[in-house]
Amino acid sequence: MAEKPRVVIIGAGLAGLTAARCLHAASAGDFFDLCVVEAGHRIGGRVLTSEFAGDRIEMGATWIHGIDGSPIHAVAADIGALAGSASVPWERMDGFPSDPLTVAEGGTVVDPLLVVDPITSLYCGLMDSARDGDAPVEPKRPGVGPFLRRGLQEYRVSRGDKGADVGGGWSLEDMEEAVFALHEFAERVCTSADDLSDLDLAAEGEYRDYPGDHVTIANGYSRIIEHLASALSPATILLGRRVRRIEWRLGGDDGGPVKLHFDGGENLTMTADHVIVTVSLGVLKAGLGKEGGGETSGLEFSPALPERKREAIRRLGFGVVNKLFMEMGGTDETRFPFLQMAFAPPTKEAKRTVPAWMRKTGSICPIYRGSRVLLAWFAGTEALELEALTDEEIISGVSATLDAFLPPTAAAARVQRVKRSGWGRDPLFLGSYSYVAVGSSSDDLDAMAEPLAGARVSAVVPTPELLFAGEATHKSHYSTTHGAYLSGVREATRLLRHYVPKLCPSAAAT
Ligand SMILES: Cc1cc2nc3c(=O)[nH]c(=O)nc-3n(C[C@H](O)[C@H](O)[C@H](O)COP(=O)(O)OP(=O)(O)OC[C@H]3O[C@@H](n4cnc5c(N)ncnc54)[C@H](O)[C@@H]3O)c2cc1C
């Protein structure tokens, strides 16, 4: 071959860097002319380790979801990133928090035996059956939300005596409702679906986590990113290069069949034989808006992507999840509980001091036992609203919330400073992670992953000209770091197989 095939990868997140590393390693760094173009001024994408009040925190990806068989866990273990140092404590270094203190709005502690435990096991049982694929799907209401509500309703009917008073002016039924709701709020965070009735129930049965513990990375998730990038020469990754438009099927006479147009002027272009697109589903969705002549920050394709892929981009869900870190000061700041909040129903005449944007956040919890940094997760509408507030508004809203749930001594610990993520409005992401929305299916995730061939009809084997990786392209591990990683391996393998079939006989493991 006279010239090396030129491969450009769009995005230096987990998927893009994994694909680059695989292509570099498998070809001894010499077969491809490889380049990663990244719009931001850092690598890592939705992986971003930071520090706050002396603790190591994650602004994006936080957990390795199951350690047995996870490629992320394998990498983290290989590079020694799992063993922490005593000097920098890290988020959830003591594992998943246990011993929640569930409190109802107004300050009544919710009885664990009467309410918290039975409702929690009801909820977990329902979600287990959804994940096992055993949950009956109602054709007219195929979402997770209605399924969960049916389960709660059946539980109430079987229990009877719903009017019992459980203290603090709460009826048993209202208390159960509020505790059930806090689990639903956590589900919104896990899936990024603003409304659980928009989360497809059947697809839950196809989603997979790895078995084993869920753990965080002592040295920070960004260590995985640094490791992936370390194999590449610094010149391979170009930062601050935002692709605005991809021209493809050009025939290849003008340097390559694909031409990338960058922000910053008509002359800023780059040609390639193959492009691996790893931008978020949010950025792809925004690009569809551009097709109608709209001015958005998304990525545009010319010619437009085939209808099957456009439909998949349109139908799949991509929601917003944000993290809010709060540094506490005051008397008892190191004894803050894992607080689960049971909010009063709208009909209840409670003093409504808690702002609306806090009312779908189920818990506030120290990032490890004894830390003076607290964390709350937000999803959907409330996550977007959080991005628009000032720090002062957040501090005052959180303080009002703590006052509504905790006794004065504990609530005396004041929020001093906050730090939050802002994935929803960031034009390089436009959301946090994907989910299978009602009206979509896991077939759409397959459609996301399909490569697109070029215009050279004479070729015996169609040349994959545009390839697609990223968490939203993995059928069973979408929304996760390992899904992104596996998709990067998959697309690198696809290209290697195209050139050297014997070297890479199967991509099935991905
Ligand atoms: C708050 C939050 C919590 C999470 N928690 C977890 C968790 O606990 N466990 C877990 O497994 N996963 C978690 N995730 C999901 C995980 O972070 C992602 O699935 C994964 O990092 C996605 O990687 P990616 O390579 O597919 O995409 P990205 O990381 O989005 O990479 C794409 C890259 O493309 C760049 N880009 C965008 N547009 C352009 C353009 N036009 N031109 C050039 N470059 C562009 C972006 O800047 C970005 O760097 C979380 C995510 C968030 C936001």
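Computed from a predicted model, the values in this text were never measured in an experiment.

Draft legend 1. Region of interest: the sheet that holds strand β15 (residues 321–329). With respect to topology, 6 strands assemble into an open sheet ordered β6-β16-β17-β18-β15-β19, the strand pairing being mixed. Of all strands in the sheet, those bounded by a partner on one side alone are β6 (101–104) and β19 (414–420). If you compare each strand with its neighbour and ignore which way they point, the axes differ by 25° on average. As paired elements, β6 and strand β16 (residues 339–342) share 4 bridges and run parallel to each other. Of the residues in β16, the one forming a bridge with T102 is Q340. Along the sheet, helix α5 (residues 172–191) contacts β6, β15, β16 and β18 (373–379); its crossing angle with β16, the most-contacted strand, is approximately 120°.

Draft legend 2. The nonpolar core, seen in detail. Formed by 38 residues in total, the largest nonpolar core has its most connected members in L14, L23, I224 and I276. With 7 residues, the top contributor of residues to this core is helix α14 (residues 481–499). Per-domain counts for this core show at least three residues from each of domain 1 (6–45 + 221–315 + 438–499) and domain 2 (49–95). With near-sequence residues (within four places) excluded, L14 lies in contact with G44, V47, I72, I224, I225, L228, T481, A484 and Y485. Judged by nonpolar contacts, the second largest core, of 36 residues, contains Y207, V258, A272 and L288.

Draft legend 3. Representation of the packing of helix α1 (residues 14–26) against helix α7 (residues 222–230). Viewed as axis vectors pointing N to C, α1 and α7 meet at an angle of 30°, and their least axial separation amounts to 8 Å. As judged from the angle between their axes, α1 and α7 are roughly parallel. Here α1 and α7 pass one another in a crossing that is left-handed. Residues L14, L17, T18 and R21 of α1 pack against I224, I225, H227, L228, A229 and S230 of α7. Among the residues making up the contact of α1 with α7, the classes are represented as 6 nonpolar, 3 polar and 1 charged.

Draft legend 4. Spotlight on the pattern of salt bridges. On inspection of all chains with the given rule, the structure shows 35 salt bridges. D403 is paired through a salt bridge with R414; the nearest N and O atoms lie 3.0 Å apart. Placement of the pair is D403 in helix α11 (residues 391–405) and R414 in strand β19, with a sequence separation of 11 residues. Owing to a relative accessible area of 33%, R414 belongs among the partly exposed residues under this scheme. Between D446 and K475 there is a salt bridge, and its shortest N-O distance comes to 2.7 Å.

Draft legend 5. Here's a closer look at the side chain of E184. Mapped onto the elements of the fold, E184 is located in helix α5. Residue classification places E184 among the buried positions, given a relative accessible area of 11%. Of note is the side chain of E184, whose polar atom sits 2.6 Å from the side chain of R149. E184 has contacts with Y123, L148, R149 and L196, leaving out every residue within four places of it along the chain.

Draft legend 6. The confidence of the model for the chain, seen in detail. Residues at a pLDDT of 70 or more form 92% of the chain, whose mean pLDDT is 92. Counting contacts from residues 505–510, a segment whose pLDDT is below 50, to residues more than four positions away or on other chains yields 9 contacts.

Draft legend 7. Broad picture of unusual backbone geometry. Residue P303 is bonded to the preceding S302 through a cis peptide linkage, with omega at 0°. Examined against the element boundaries, P303 turns out to sit in the loop between β13 (300–302) and α9 (307–315). Despite not being glycine, R249 shows a phi value in the positive range, around 55°. Tracing the backbone shows R249 in the loop between β9 (243–247) and β10 (258–262). Positive phi outside glycine occurs at S479, with the angle close to 80°. Within the secondary structure layout, S479 lies in the loop between β22 (464–468) and α14. Residue class for S479 comes out buried when judged on its relative accessible area of 17%.

What counts and how
- Throughout, residues of each chain are indexed from 1 in the direction in which the sequence is written.
- Side-chain atom pairs in this predicted model are given and counted only at pLDDT of 80 or more, local residue features only at pLDDT of at least 70, and totals for whole chains, interfaces and linings cover all residues.
- Heavy atoms throughout the structure, all of them, feed into the side-chain values; hydrogens and water do not.
- Pairing between strands is defined by DSSP: at least two bridges between them are needed.
- Elements are defined by DSSP. Helices are runs of H or I of four residues or more, strands are runs of E of two residues or more, and each kind is numbered from the N terminus.
- Axis lines are fitted through C-alpha atoms, for helices just across the contact stretch, and the angle between N-to-C directions can take any value from 0 to 180 degrees.
- Should any heavy atoms of two residues lie within 4.5 Å, those residues are counted as being in contact.
- We call a set of buried Ala, Val, Leu, Ile, Met, Phe, Trp, Tyr and Cys residues a nonpolar core when their side-chain atoms join them within 4.5 Å.
- Relative accessibility thresholds used throughout: buried, under 20% of the residue-type maximum; exposed, over 50%; partly exposed, between the two (1.4 Å probe, protein chains only).
- Boundaries between domains were set according to an automatic or database domain assignment.
- Oblique is the label for any angle not covered by the other classes, which are roughly parallel (under 35 degrees), roughly antiparallel (over 145) and roughly perpendicular (65 to 115).
- Two helices that cross are described as forming a left-handed crossing if the nearer one is turned anticlockwise from the farther one by less than a right angle, and a right-handed crossing if clockwise.
- Residue polarity follows a fixed list, in which Ala, Val, Leu, Ile, Met, Phe, Trp, Tyr, Cys and Pro are nonpolar, Asp, Glu, Lys and Arg are charged, and the others, Gly among them, are polar.
- Any Lys or Arg side-chain nitrogen located within 4 Å of an Asp or Glu carboxyl oxygen qualifies as a salt bridge.
- In protein, a polar contact means a hydrogen-donor-capable atom and an acceptor-capable atom, both N or O and within 3.5 Å, with residues adjacent in sequence counting only if both atoms are side-chain atoms; elsewhere, any N or O pair within 3.5 Å suffices.
- Summary of the metric used: pLDDT quantifies the predictor's per-residue confidence within the range 0 to 100.

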